[in-house]
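# Chains, contacts and geometry: an overview
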Amino acid sequence: MSFRLSQRDKDIIGFINQFRAVDRDSLVELFFKQLKSPVNACNSVMVRLYRLRLIERTQQYSPTVYLPVDAKIKKNSQKILHFLSILDIYKQMCTYSAPKQVIVEDKPTGRKGGIEPDLFCIFKGSPFWIEIQRNQYSEQKMQGKIHLYEEFFFSDEWKALHWQPEERSPIFPSVILITPVRYAVSSEHIRIIQVISIDELMEKYKGSAKQQRDGKSRVSSSSSNGIKINLT
């Protein structure tokens, strides 16, 4: 059977492969919202791609969730909710600015036992590693996560990561903890930002931007480390 894929088809398949689990409504929002009947158009495309065996799906969720054709995730796995939470953070970012260099479940150390952030991206010109905490953990476990980031910081291996800018000094990403619980974690070496959502992150950014306008004589802390979003 011969068939031709449109660029949108290819983009959708690539997006599902990248995020591992994508719900129908997110596909409508990201790929079909400009159409007259976006939901119907999305349903038609996804049924076609499914019948061509280019994607997999699970109807254990409503609306339907689509998976890569070679997904190693059980269709009733809790891991699907994990990937959907990563997608939700990505979509929140897109309402402000499309993130670049997006890596889902980044493993920058390349070895087991190193840092494994849920998401890496360059957002509004600054690199971030994002940890999405859907469950509550002990302070000790969260500080252990931070220690792993510090170990990676001191290894200097991060300076050779492929997304590092060629025209200036390497930048160690800020670590964003997306969590409803405020943890008493700290570091003298890396920047940690705790927020409930990207909306809260941007509210903090707007607040700090206003402070900069009100006190132009004060040098922004972001100028020394390459971080353009000045968050406190």
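### Side note on the nonpolar core
In this structure, Ile12, Phe19, Met46 and Ile130 are the most contacted members of the largest nonpolar core, which totals 43 residues. For this core, the element with the most residues is helix α4 (residues 79-94), which contributes eight residues. Ignoring anything within four residues of it in the chain, the contact list for Ile130 reads Ile89, Met93, Pro117, Asp118, Leu119, Cys121, Ile176 and Ile178. Judged by nonpolar contacts, the second largest core, of 17 residues, contains Trp129, Met142, Trp158 and Tyr183.

### Topic: the confidence of the model for the chain
Overall, the predicted model of the chain reaches an average pLDDT of 89, with 88% of residues at or above 70. Scored below 50 in pLDDT, residues 217-227 makes 16 contacts in the model with residues more than four places away or belonging to other chains.

### Let's talk about the packing of helix α2 (residues 24-32) against helix α3 (residues 38-51)
Where α2 meets α3, the closest approach of the two axes is 9 Å, and the angle between their N-to-C directions is 105°. In this view, α2 runs roughly perpendicular relative to α3, as classed from their interaxial angle. On α3, the residues that touch Arg24, Leu27, Val28 and Phe32 of α2 are Pro38, Val39, Ala41, Cys42, Asn43, Val45 and Met46. For the contact of α2 with α3, the residue count by class is nine nonpolar, one polar and one charged.

### Regarding the pattern of salt bridges
Summed over the entire model, instances satisfying the criterion amount to twelve salt bridges. Overlapping salt bridges, with partners in common, bring together Arg20, Lys79 and Glu105 in one network.

### Observations concerning the environment of Lys124
The residue Lys124 is located in the loop between β5 (119-123) and β6 (126-132) in this model. Note on Lys124: relative accessible area 32%, which makes it partly exposed. Separated by 26 residues in the primary sequence, Lys124 and Ala98 place their C-alpha atoms 8.1 Å from one another.

### Concerning the packing of aromatic side chains
Describing an aromatic ring pair means giving the distance of the ring centres and the angle of the ring planes. Enumeration according to the criterion identifies 14 aromatic pairs in this entry. When the centroid spacing of 5.8 Å and the interplanar angle of 55° are considered together, the rings of Phe15 and Tyr90 count as tilted. One end of the pair, Phe15, is in helix α1 (residues 7-19); the other, Tyr90, is in helix α4, with 75 residues separating them in the sequence. Exposure remark for Phe15: the relative accessible area of 9% places this residue in the buried category. Tyr90 sits in the buried class, given a relative accessible area of 13%. Taken together, the ring pairs in this structure connect Phe120, Trp129, Tyr149, Phe152, Phe153, Phe154, Trp158, Trp163 and Phe172 into an aromatic cluster. Of note, Arg57 hangs over the ring of Tyr50, and the distance from its end group to the ring centre comes to 3.9 Å.

About the cut-offs
- Residues numbered from 1 in each chain as written.
- Predicted model: local features only at pLDDT ≥ 70, side-chain atom pairs only at ≥ 80, totals over all residues.
- Heavy atoms only, no water.
- Core = buried A, V, L, I, M, F, W, Y, C linked by side-chain atoms within 4.5 Å.
- Buried < 20%, exposed > 50% of the residue type's maximum accessible area, 1.4 Å probe, protein only.
- Helix = DSSP H or I, 4+ residues; strand = E, 2+ residues; numbered from the N terminus.
- Contact = heavy atoms within 4.5 Å.
- pLDDT = per-residue confidence, 0-100.
- Axes fitted to C-alpha atoms, helices over the stretch in contact; angles between N-to-C directions.
- Parallel < 35°, antiparallel > 145°, perpendicular 65-115°, else oblique.
- Nonpolar A, V, L, I, M, F, W, Y, C, P; charged D, E, K, R; others polar.
- Salt bridge = Lys/Arg side-chain N within 4 Å of Asp/Glu carboxyl O.
- Phe/Tyr/Trp six-rings, centres within 6.5 Å; stacked < 30°, edge-to-face > 60°.
- Lys NZ or Arg CZ within 6 Å of the ring centre and 35° of its normal.

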